[in-house]
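Residues per chain, in single letters:
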Amino acid sequence: MIELHPDLTACLARGRLMSRIRSSGNRTTEARACEIIEELDIFGSEYFLHWPPARPADLCFPAQRLAVLLNGCFWHAHLGCYSPPSKDREAWTTHINTNRLRDLSDLVSLRRRGWEVVVLWECGMNREDVYRKLTSFAGQE
Ligand SMILES: [Zn+2]
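Numbering of residues starts from 1 in every chain and runs along the sequence as written. Two thresholds apply to this predicted model, a pLDDT of at least 70 for residue-level local features and 80 or more for giving and counting side-chain atom pairs, whereas whole-chain, interface and lining totals are computed over all residues.

Asks: Can you help me understand the nonpolar core in this one?
Replies: Within soluble globular proteins, side chains that are nonpolar generally end up buried alongside one another. Residues enter a nonpolar core if they are buried, belong to Ala, Val, Leu, Ile, Met, Phe, Trp, Tyr or Cys, and are joined to the set through C-beta atoms within 7 Å. Here a residue counts as buried when 20 or more other C-beta atoms sit within 10 Å of its C-beta, as exposed when there are 12 or fewer, and as partly exposed otherwise, the C-beta atoms being derived from the backbone. Of all hydrophobic cores here, the largest spans 24 residues; its most connected members are Leu59, Cys60, Val68 and Leu120. Segments assigned H or I by DSSP are reported as helices when at least four residues long, segments assigned E as strands when at least two residues long, and all are numbered from the N terminus. Of all the elements in the fold, those that place two or more residues in this core are helix H2 (27–40), strand E1 (48–51), strand E2 (57–61), strand E3 (66–71), strand E4 (116–121) and helix H4 (127–136). Among the elements that line this core, the one with the most residues is E3, at 5 residues. If sequence neighbours within four positions are ignored, leucine 59 has contacts with Ala33, Tyr47, Phe48, Leu49 and Val68. This entry defines residue contacts through backbone-placed C-beta atoms, with two residues in contact when those atoms are within 7 Å.

Asks: So what exactly am I meant to see when it comes to unusual backbone geometry here?
Replies: For residues other than glycine, phi is negative in most cases, and the peptide bonds are mostly trans. With omega at 0°, the peptide bond leading from tryptophan 51 into proline 52 counts as cis. Note on placement: proline 52 falls in the loop between E1 and E2. Even without glycine at this site, alanine 54 takes up a positive phi of about 75°. On the basis of neighbour counts, which here come to 6 C-beta atoms within 10 Å, the residue alanine 54 falls in the exposed class. One non-glycine residue, alanine 77, adopts positive backbone phi at about 50°.

Asks: Help me understand H2 in this model?
Replies: The end-to-end C-alpha distance of H2 is 20 Å, a good match for the 20 Å that 14 residues give at a rise of 1.5 Å each. Those residues of H2 that fall on the buried side of the exposure criterion are Thr29, Glu30, Ala33, Cys34 and Ile37. The arc that holds every buried residue of H2, seen down its axis, measures 130°, which confines them to one face. Of the exposed residues in H2, the ones pointing more than 90 degrees away from its buried face are Arg27, Thr28 and Glu39. Buried residues in H2 make contact with E2, E3, E4 and H4. Positive backbone phi, approximately 55°, marks aspartate 41, located one or two places after H2. Here the expected span of a helix is defined as 1.5 Å times the quantity of residues minus one. In this description, one arc is meant: the one made by directions from the helix axis to the C-beta atoms.

This is the structure in structure tokens:
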């Protein structure tokens, strides 16, 4: 039996799925990830959105100590997917670089706190890729 932090128990009681979807442009990717996790019952679907506190992952599996970052290919400049808009290119580059620095900082912060971190990209949001990456803890690309 896994001991859950009281906050986690409360979170579970409120309903684990789709309770606090961020409005940060990540909505579709997050919804799809949740759908796949639930469909395939990955780790018993025991996950939480936007946890742990302070510097949360997009979702995490506390029992596996696995944190998942869900990245949109444009906003997080996925190699091979991203191309900067032709208009206001410099401003976009600055903005996207800021996102990427924050991604790195989030990843380091989670690892320092003992979480394994997996990055799932918008373009890889299919059952096979999600299952393989989550169950093998394959790490980020
Ligand atoms: Zn991509």
